[in-house]
Amino acid sequence: MDLQRERRRSLNSLSLCGTGAIGLGLWSVIKTIMTFFANRNYIAEMISDIYTNSGVSEEEVSLKAVAFITYLLILAFLVLVFSIRLYVGKCANAEAKKGKKRYLYLIIALLAGFLYIYSCYLGILSIRDLTFNEASLTDDINNCIDKIAELLLDLSSAGVLLALFFSAIRSRILSNMISKQEAAHEH
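Residues numbered from 1 in each chain as written. Predicted model: local features only at pLDDT ≥ 70, side-chain atom pairs only at ≥ 80, totals over all residues. Heavy atoms only, no water.

A. Summary view of the nonpolar core. Counting residues in hydrophobic clusters, the biggest one holds 21 residues, and the most contacted among them are L14, V88, Y105, L106, L161 and L164. Elements supplying a minimum of two residues to this core: α1 (2-38), α3 (63-98), α4 (104-128) and α5 (137-186). Residue contributions to this core peak at 7 residues, all from α5. In this structure Y105 touches L14, Y87, V88, C91, A92, E95, L164, A168 and R172, once residues within four positions along its chain are discounted. (Core = buried A, V, L, I, M, F, W, Y, C linked by side-chain atoms within 4.5 Å. Buried < 20%, exposed > 50% of the residue type's maximum accessible area, 1.4 Å probe, protein only. Helix = DSSP H or I, 4+ residues; strand = E, 2+ residues; numbered from the N terminus. Contact = heavy atoms within 4.5 Å.)

Here it is, written out as structure tokens:
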């Protein structure tokens, strides 16, 4: 019966990680939307600089149209990312509660977990490369705080997705062991 207890613990962990994947996905969307609303002027200036530096005049390109299309693309990307996280989380919860075993969500969780680890690596490099200038010290400190917050969110996401993957694999292995054990007792 010790295997049963271990299996229940793995399934509880799987359910918790599934809910965590959905929650962190939702938080990522909210954080990104808040960042874009807070930095609308910066994004418009960045788009203007891109077109000005590429030799396209502002008369040729409506900056508002480009900004609107950019926002739509970002929104579509956020919906896609959240949909993937929602799928992974719902599949994990379905497996933990109803025993529905799917494999695609495990592959997605594992790949996303490694992508978040890579993102953490890039975040560490960007924090390491920050230079602080006296003229813009407040902005530099705020930028550093933002990068650290992003690093922590990515680290949390990687941890949740990888824990989800390993909990699912462990519960499946334990289920197979329990089935073999029960089959041996029947004979």
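B. Representation of the packing of aromatic side chains in the model. The tally for this structure, following the rule as stated, stands at 2 aromatic pairs. Each ring, one from F165 and one from F166, has its centre 5.3 Å from the other, and the planes form 80 degrees; the classification is edge-to-face. The ring centre of Y103 lies 4.5 Å from the NZ or CZ of R172, which sits over that ring. (Phe/Tyr/Trp six-rings, centres within 6.5 Å; stacked < 30°, edge-to-face > 60°. Lys NZ or Arg CZ within 6 Å of the ring centre and 35° of its normal.)

C. Molecular detail of the environment of A96. One can find A96 in helix α3. Taking relative accessible area as the criterion, A96 reaches 15% and is therefore assigned buried. Along the backbone, A96 and S167 are 71 residues apart, and their C-alpha atoms lie at a distance of 9.6 Å.

D. Quick peek at the side chain of E95. Mapped onto the secondary structure, E95 falls in helix α3. Setting aside its immediate chain neighbours within four residues, E95 contacts L11, L14, K100, K101, R102, Y105, A168, S171 and R172.

E. Local environment of the layout of surface pockets. In this structure, the largest pocket occupies an estimated 680 Å³ of space. As for the largest pocket, its lining consists of 24 residues, of which S28, F77, V81, Y116 and D154 are closest to the centre. The class makeup of the residues in the lining of the largest pocket is 14 nonpolar, 5 polar and 5 charged. (1 Å grid on protein atoms, 1.4 Å probe; cavity = no way out; pocket = protein on both sides within 12 Å on 5 of 7 lines; lining within 4 Å. Points joined across faces, edges and corners; volume = space filled by probe spheres on them. Nonpolar A, V, L, I, M, F, W, Y, C, P; charged D, E, K, R; others polar.)

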